[in-house]
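Reading the structure
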Amino acid sequence: MNARKIIIDTDPGQDDAVAILLALASPEEIEVLGITAVAGNVPLSLTAKNARIVCELAGKTDVPVYAGCDAPLSRKLVTAEHVHGKTGLDGPDLPDPTMPLTHGHAVDFIIDTLREQDAGTVTLCPLGPLTNIATAFQKAPDIVSRVQEIVLMGGAYFEVGNITPTAEFNIYVDPEAADIVFKSGVDIVVMPLDVTHKALVTKTRNDAFRALGNQAGVAVAQMTDFFERFDKEKYGSEGAPLHDPCVTAYLIRPDLFQGRHVNVEIETASELTMGMTVADWWGVTNRTPNTTFIGSLDADGFFALLTERLARL
Ligand code: BDR
Ligand code: CA
């Protein structure tokens, strides 16, 4: 099987970092054409830096990293230092990157790549607010039909919200961008909180990362040590949810995940429910399904995969 070509669009973020490490450790299944940074968990200058820190941690300094949009399409940026810390990657003590950003804007890289590669061969993997992707679709509508699939982390149905009572962070930060993406007609697979809250790093699972003894395994354990304090205190959960790695794990082992093909629309008008992913999980409307909305995963299989792949770095 040929490796699947992907662009990772990201706002690292400890869980973004783990998602990227998993992809970079899996060249048989995944070819990372480039990483595009977007403002989200922390401002763009930090996400663009963190993406390169993660590439260096993986020993993959030849992956191009581009800086993208520094603010949502039409709103003020909301960040999440309360979850990820001041740097966005708090936890391990990692050196500043020496690899440079690649020249050019992330949005142009997305457009150029989709035009250069054969149609239907590039998958977009957004792990943060959808600003870069929506901007690319607006600037170059011809690329939309060339996308193979979008596999993204965002939204929630049963779990409802983590930044407001009804909205998940990535969608809430740029609901207008999410609206453009969900209405684009591209096949979308969504990893909402409903599934990512089942990818919990228990103590045993984090000990297994640490016991790998390599730089990546130890750094992931330290990131999780930091990242989990928020969820433990706030939700009383057993450990940190590895939201974004669900995206890259799905590309490698889709059989670990289950969901439904449903219609999802994004709330962009009501201040009360702004950024809500209105999923027709029970099929109560006749709206056309546009999304495979994932609801469950084999968590043990997921952590076994992650541990096995981190060991390779
Ligand atoms: C999402 O928001 C960010 O804080 C995480 O990196 C993840 O992408 C979870 O709601
Ligand atoms: Ca993220």
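The structure we're discussing is the one just above.
Structural notes, computed from the coordinates. (Residues numbered from 1 in each chain as written. Chains lettered and ligands numbered in written order. Predicted model: local features only at pLDDT ≥ 70, side-chain atom pairs only at ≥ 80, totals over all residues. Heavy atoms only, no water.)

Examining the overall build of the chain
A tally of helices and strands in the chain yields twelve helices and twelve strands. In terms of principal-axis extent, the alpha carbons of the chain reach across some 50 × 45 × 40 Å. The burial tally for the chain puts 58% of its 313 residues in the buried class. Considering only intrachain contacts with a sequence separation of at least 6, the fraction spanning at least 24 residues in the chain is 82%. Per element, the accessible surface of the chain, about 12,200 Å² overall, is 50% carbon and sulfur. (Helix = DSSP H or I, 4+ residues; strand = E, 2+ residues; numbered from the N terminus. Buried < 20%, exposed > 50% of the residue type's maximum accessible area, 1.4 Å probe, protein only. Contact = heavy atoms within 4.5 Å. Areas by Shrake-Rupley, 256 points an atom, 1.4 Å probe, with all protein chains shown as cover.)

Examining the state of the cysteines
Overall, the coordinates contain zero disulfides when judged by the stated rule. Residue Cys69 stays outside any disulfide, its sulfur separated by 18 Å from that of Cys125, the closest cysteine. With a relative accessible area of 12%, Cys69 lands in the buried category. Distance from the sulfur of Cys125, which forms no disulfide, to the nearest cysteine sulfur (Cys246) is 13 Å. (Disulfide = S-S within 2.5 Å.)

Focus on the site of ligand 1
Around ligand 1, a shell composed of Asp15, Asp16, Asn41, His84, Leu127, Met153, Asn162, Glu168, Phe169, Asn170, His243 and Asp244 is seen. Interatomic distance of 2.7 Å between a side-chain N/O atom of His84 and an oxygen atom of ligand 1. Here an oxygen atom of ligand 1 and a side-chain polar atom of Glu168 are 2.5 Å apart. Using a 2 Å cut-off from the grid points, one finds that ligand 1 occupies the largest cavity. At the level of elements, α1 (14–24) and α6 (169–173) are the ones that each hand at least two residues to the shell around ligand 1. (Near = heavy atom within 4 Å. Polar contact = N/O pair within 3.5 Å; in protein donor to acceptor, adjacent residues only side chain to side chain. 1 Å grid on protein atoms, 1.4 Å probe; cavity = no way out; pocket = protein on both sides within 12 Å on 5 of 7 lines; lining within 4 Å. Sits in = over half its atoms within 2 Å of the grid points.)

Topic: the sheet that holds strand β3 (residues 65–67)
Reading across the sheet, the eight strands line up as β3-β2-β1-β4-β5-β6-β12-β9 and stay open at both edges, with mixed pairing between neighbours. Each end of this open sheet is capped by a strand with a single partner; those strands are β3 and β9 (257–262). Between one strand axis and the next, the sheet turns by 25 degrees as a mean value, whatever way the strands run. Where strand β6 (residues 188–191) meets strand β12 (residues 291–297), three bridges bridge the pair, whose relative direction is parallel. Pairing of Val189 across the sheet is with Thr292, part of β12. Strand contacts of helix α2 (residues 44–58): β1 (4–10), β2 (30–37) and β3, with the helix running at about 175 degrees to β3, the strand carrying the most contacts. (Pairing = 2+ DSSP bridges. Axes fitted to C-alpha atoms, helices over the stretch in contact; angles between N-to-C directions.)

Points about the pattern of salt bridges
According to the stated counting rule, one finds 14 salt bridges in the structure shown. Salt-bridge contacts for Arg312 lead to Glu28; the nearest nitrogen and oxygen are separated by 3.2 Å. One end of the pair, Arg312, is in the segment after α12 (299–310); the other, Glu28, is in the loop between α1 and β2, and 284 residues separate them in sequence. With its nearest N and O atoms 2.7 Å apart, the salt bridge here joins Arg253 to Asp255. You can call Asp255 exposed: its relative accessible area is 53%. Because the salt bridges share partners, they merge into one network encompassing Glu28, Glu29, Glu308, Arg309 and Arg312. (Salt bridge = Lys/Arg side-chain N within 4 Å of Asp/Glu carboxyl O.)

As for the coordination of the calcium ion (ligand 2)
Taken together, the protein ligands of the calcium ion (ligand 2) are Asp11 (OD), Asp16 (OD), Asp16 (OD), Leu127 (O) and Asp244 (OD), with distances of 2.2 to 2.6 Å. All donors to the calcium ion (ligand 2) come from one chain, and their sequence spacing reads D-x4-D-x110-L-x116-D. Taken together, the positions of Asp16 in helix α1 and Asp244 in the loop between β8 (240–241) and α11 (245–252) put the pair 228 residues apart, joining distant regions of the chain. (Donors = N, O, S within 2.8 Å, 3.2 Å for Na, K, Ca; no water.)

Considering the packing of aromatic side chains
Using the criterion set out here, one finds eight aromatic pairs in the structure. Note on Tyr66 and Phe109: the rings are 4.3 Å apart at their centroids and 20 degrees apart in plane angle, and the pair reads as stacked. Of this pair, Tyr66 sits in strand β3 while Phe109 sits in helix α4 (residues 106–116), and the two are 43 residues apart along the sequence. Each of the two residues, Tyr66 as well as Phe109, counts as buried. For the ring pair Tyr250 and Phe257, a centre distance of 5.8 Å and an interplane angle of 70 degrees mean the geometry is edge-to-face. (Phe/Tyr/Trp six-rings, centres within 6.5 Å; stacked < 30°, edge-to-face > 60°.)

Remarks on helix α7 (residues 175–182)
Burial analysis of α7 places six of its eight residues in the buried class, the great majority of the element. Those residues of α7 not exposed but buried are Pro175, Ala177, Ala178, Asp179, Val181 and Phe182. Next to the buried residues of α7 lie α5 (131–139), β5 (147–153), α6, β6, β10 (264–266) and β12.

Function-wise, these values are silent; they only describe arrangement.
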